[in-house]
Amino acid sequence: MPLPLLPELFPIIASHIPLFQTPSTILSLATVSKSLYDILVPRVLYSCIITHDEASSIDMILRLLQNPELRIYVRELYMHSGLSESVRNKTQGPFNTLEGLEKLIAQNAMPNLHSLGIYLHMDWYLDKNFEPLPSSYGQLKKPFWKDLSENCPLVRNVILNGPTDHEHQDKDSGMYLLKNLSMVSISLIRNTESDTPGGLDVLYKNVVIMSPALHTLHLSKTSGMNVILKARDIFYCRLPNLAKLSLGGDFVVDEEDIPIAMEFWANHPRLAYIDVRKVFGSCFSHNCPENLLPNLVHLAANFEDIRSLSFLIHRLISLVFYDSVNFQVPYLFLDVLGGRMLPKLRRLQIYQEGSGSKVNSRREGAVWCIMKDGSFGVVTVQHKINQKTDETYISIISRVVPNIEELALNASDLNYKLPAVVHSLGAFQKLKRYYHHGPGTTEIPDDDSFVLEEREEFQSFAEELALVCPRLELVVDTLCMFPIYLTARVRRSMDGSVREVVLRNGVAPCLGNEDEPFPIIP
């Protein structure tokens, strides 16, 4: 049967599939017919490689080493590994993932490589007794970066999530050999140059030098690093094409740095995605100009910063509130925005804590509440009030954001076992994915009745939610460890009724992270 499309169009079509779904989608399409198989395998299938664990990463490296004809097709390579004890002892394979990559890059056989992502488990550098491994383990040494820059001249996207990139005593990183990068994503780990005095200054200055056309920048560090990251070092940068910025754990913005931050935002109008939710301090002033960040559609920040940007909330597609207290979010929606609906908003995530602290009187909206008679106002000692995250809280949110497709309510006092709470979530009639605290593990233990009970409760909640939300497809356990999450997938009949809810392990897609090989829940 003749194909309806030219073979040359299939790589273009594949580039528009969400990254984390690309290999599986192409593989499924290749099984449709022999004609499609001949076009897609190996040319398109091997153009984007994503491996989710150590064993599959090593197997793929061995396959590429043994089949040089496949390597020319590789344009994107993303690997996840744990550098486990079995690999360290050479009982699982001839090398670990990093050693295998070094061999692969050194053979000068992937000239079309465009994107390289290396993801390691967060505790890879600890042995079974939680003692640190030798500092030389898990490093990408300078010869690797030299080989990468010379043998893969088309590399534009580099992701380092976990590994170190050179010996501790070195003064310059081999990564600086790469030029003209479009995306840089670095999650810093121990024993890097940036763990030494002045190392961060060197890193940030070189990011600008080697990447004047940078459009995506993600920088963070692990909790094991004893260094404070000053966000002003980033805010001094000028990256005219920057469209996506994410600053992770322990970046700090001092009060005197806010004018520098505001100048940075003003000089980067192309920004469409900003994640500064874990930054300590305010990244925005209280009197932001209303023409600031005209292209912003994805925002993750603390409540104070979102309050400062309330004038642009109506333009957003996704919004993540971090560090909100009591009824601050309903206060923002009803009092600050006047209850105006936000029809464009499709993803909403709220981190909320109940608090009776005396400092709440100095936090805008933290003492805003629902009175006994159902009206809204400020807490006084004479009033019977409701500040719990319950069906009333949810109903306020649902009135303002009627088109939400993805929702996460991370509140310690939200009791999902109450029928009224589940029923109130039914107001989100377009909800497709809900992010929920479950058992926190993808394993099924034989002897842990508590975890089994938690899995049953997680599935039961998903079943109840699927009955009141007619478009619900997926419930994700947000307590699981990246990159694989426990999910409850809803299967429906042709008439839309719930046929079954199945627990399975999988990735957790969310709006704004479609270009991630391993989507992370913000």
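Each chain carries its own residue numbering, running from 1 in the written order of its sequence. Where totals are concerned, whole chains, interfaces and linings use all residues; where local detail is concerned, this predicted model gives features only for residues with pLDDT of at least 70, and gives and counts side-chain atom pairs only at 80 or more. The basis for the side-chain values is all heavy atoms of the structure; hydrogens and waters are excluded.

### Some words on the overall build of the protein chain
Thought 1: The helix and strand labels rest on DSSP assignments: H or I over at least four residues marks a helix, E over at least two residues marks a strand, and numbering proceeds from the N terminus. A count of helices and strands for the protein chain gives 16 helices and 21 strands.
Thought 2: Looking at the protein chain as a whole, 51% of its 522 residues are labelled buried.
Thought 3: In the protein chain, once contacts between residues fewer than 6 apart in sequence are set aside, the share between residues at least 24 apart is 67%.
Thought 4: For the area figures, the Shrake-Rupley method with a 1.4 Å probe applies, and any residue is considered shielded solely by the protein chains shown. Per element, the accessible surface of the protein chain, about 23600 Å² overall, is 54% carbon and sulfur. Exposed residues in this analysis have more than 50% of their type's maximum accessible area, buried residues have under 20%, and partly exposed residues fall in between, with area computed by a 1.4 Å probe over protein chains only. Here, two residues are considered to be in contact whenever any of their heavy atoms come within 4.5 Å of each other.

### Brief notes about the packing of helix 13 (residues 328–336) against helix 14 (residues 391–400)
Thought 1: Here an axis means a line fitted to C-alpha atoms, over the contact stretch when the element is a helix, while the angle between two N-to-C directions is reported on a 0 to 180 degree scale. Running from N to C, helix 13 and helix 14 cross one another at 40°; their axes reach a closest spacing of 10 Å. Considering only the axes of helix 13 and helix 14, their crossing is left-handed. The segment helix 13 lies against helix 14, with Val329, Pro330, Phe333 and Leu334 engaging Tyr393, Ile396, Ile397, Arg399 and Val400. Put simply, a crossing is left-handed when the front helix is turned counterclockwise from the back one by less than a right angle, and right-handed when it is turned clockwise.

### Looking at the confidence of the model for the protein chain
Thought 1: Confidence of the predictor at the level of single residues is given by pLDDT, which spans 0 to 100. In this model, the protein chain carries a mean pLDDT of 84, and residues with pLDDT of at least 70 account for 82%.
Thought 2: Between the elements of the protein chain, mean pLDDT differs from a low of 48, seen in strand 16 (residues 385–386), to a high of 97, seen in helix 11 (residues 258–266).
Thought 3: Confidence drops under pLDDT 50 across residues 191–197; counting only partners more than four residues distant or on other chains, this segment forms 25 contacts.
Thought 4: Note that residues 381–386 has pLDDT below 50 and, in this model, twelve contacts with residues that lie over four places away or in other chains.

### Examining the pairing of strand 8 (residues 244–247)
Thought 1: Here strand 8 shows two buried faces, one formed by Lys244 and Ser246 and the other by Leu245 and Leu247.
Thought 2: Strand pairing is assigned whenever DSSP detects at least two bridges linking the two strands. Sheet topology places strand 8 next to strand 10 (residues 273–275); three bridges connect them, and they run parallel. Residue pairing in the sheet places Leu245 in a bridge with Ile274 of strand 10.

### Some details on helix 2 (residues 22–30)
Thought 1: Considered for burial, the residues of helix 2 that qualify are Thr22, Pro23, Ile26 and Ala30. One side of helix 2 holds all its buried residues, which, seen down the axis, span an arc of 95°.
Thought 2: Against the buried residues of helix 2 lie helix 1 (10–14), helix 3 (34–40) and strand 1 (48–51). Regarding the arc, it is the one traced by the directions from the helix axis to the C-beta atoms.

### Observations concerning the side chain of Gln352
Thought 1: When you line up the elements, Gln352 lands in strand 13 (residues 347–353).
Thought 2: Think of a polar contact as two N or O atoms within 3.5 Å of one another; within protein, one of them needs to be a possible hydrogen donor and the other a possible acceptor, and neighboring residues in sequence only count if both atoms come from side chains. A distance of 3.0 Å separates a polar side-chain atom of Gln352 from the backbone oxygen of Asn326.

### Structural notes on the environment of Arg504
Thought 1: Considering the arrangement of structural elements, one finds Arg504 in strand 21 (residues 498–506).
Thought 2: Here Arg504 falls in the partly exposed class, since its relative accessible area comes to 41%.
Thought 3: Measuring from C-alpha to C-alpha, the distance between Arg504 and Val476 comes to 9.9 Å, with 28 residues separating the pair along the chain.
Thought 4: Leaving out residues up to four positions away in the same chain, Arg504 has contacts with Tyr485, Leu486, Thr487 and Arg489.

### As for a nonpolar patch on the surface
Thought 1: On the surface, a nonpolar cluster with roughly 430 Å² of combined accessible area is contributed by Leu5, Leu6, Leu9, Ile12 and Ile13.
Thought 2: Summarising the element assignment, Leu5 is placed in the segment before helix 1.
Thought 3: Accessibility expressed as a relative area gives 35% for Leu5, which makes it partly exposed. Patch membership requires more than 30% relative accessible area and the absence of a salt bridge. Residues of like charge join within 9 Å; the nonpolar side chains Val, Leu, Ile, Met, Phe, Trp and Tyr join within 5 Å. In the sections that follow, a salt bridge refers to a side-chain nitrogen of Lys or Arg positioned within 4 Å of a carboxyl oxygen of Asp or Glu.

### Regarding the environment of Ile186
Thought 1: If you trace the backbone, Ile186 turns up in strand 5 (residues 183–188).
Thought 2: Judged by relative accessible area, which is 5%, Ile186 ranks as buried.

### A look at the pattern of salt bridges
Thought 1: This structure, assessed with the given rule, holds 14 salt bridges.
Thought 2: For the salt bridge of Arg491 with Glu500, the shortest nitrogen-to-oxygen distance reads 3.0 Å.

### Here we look at helix 13
Thought 1: Those residues of helix 13 that sit buried are Gln328, Val329, Pro330, Tyr331, Leu332 and Phe333.
Thought 2: Gly338 sits one or two positions beyond helix 13 and adopts a positive phi of about 70°.

### Details of the packing of helix 7 (residues 97–106) against helix 8 (residues 142–151)
Thought 1: Two elements in contact, helix 7 and helix 8, have axes separated by 9 Å at closest approach and are oriented at 35°. Considering how the two elements wind past one another, helix 7 and helix 8 form a crossing that is left-handed. Listed contacts from helix 8 to Leu101, Glu102, Ile105 and Ala106 of helix 7 are Phe144, Asp147, Leu148 and Asn151.
Thought 2: Here the residues of the contact of helix 7 with helix 8 sort into five nonpolar, one polar and two charged. Charged residues are taken to be Asp, Glu, Lys and Arg, nonpolar residues to be Ala, Val, Leu, Ile, Met, Phe, Trp, Tyr, Cys and Pro, and polar residues to be all remaining types, Gly included.

### So, the pairing of strand 12 (residues 318–325)
Thought 1: Among the eight residues that make up strand 12, six are buried, leaving the element largely enclosed by the rest of the structure.
Thought 2: Inspection of the sheet shows strand 11 (residues 298–302) paired to strand 12 by five bridges, in the parallel sense. Residue pairing across strands places Ala301 opposite Phe321, the latter belonging to strand 12.
Thought 3: Crossovers are described as right-handed under a simple rule: with the strands pointing away from the observer, the path leading from the first strand over the helix to the second runs clockwise. What joins strand 11 to strand 12 is helix 12 (residues 303–308), and the crossover it makes is right-handed.
Thought 4: Bridge count for strand 12 against strand 13 is six bridges, and the pairing is parallel.

### Regarding the environment of Val325
Thought 1: Along the polypeptide, Val325 turns up in strand 12.
Thought 2: Of the residues examined, Val325 reaches a relative accessible area of 5% and is grouped as buried.
Thought 3: Sequence separation between Val325 and Gly354 is 29 residues; the distance between their C-alpha atoms is 5.8 Å.

### A closer look at the packing of aromatic side chains
Thought 1: Note on aromatic pairs: the rings of Phe, Tyr and Trp (six-membered ring only in Trp) are paired at centre separations within 6.5 Å, and the planes decide the class, stacked below 30 degrees, edge-to-face beyond 60, tilted for the rest. All told, the structure shown has twelve aromatic pairs when counted by the stated rule.
Thought 2: Ring geometry for Tyr331 versus Trp368: centroids 5.8 Å apart, planes at 65°, classification edge-to-face. In this pair, Tyr331 is assigned in helix 13 and Trp368 in strand 14 (residues 368–371), connecting sequence segments 37 residues apart. Each member of the pair, Tyr331 together with Trp368, is buried.
Thought 3: Taken together, a centroid distance of 5.8 Å and an interplanar angle of 50° make the contact between Tyr434 and Phe461 tilted. Placement of Tyr434 in strand 18 (residues 433–436) and of Phe461 in helix 16 (residues 449–468) is noted, with a sequence separation of 27 residues between them. Here the two residues Tyr434 and Phe461 agree in accessibility, since each one is buried.
Thought 4: Within the aromatic cluster, the residues linked to one another by ring pairs are Phe235, Phe264, Trp265 and Phe284.

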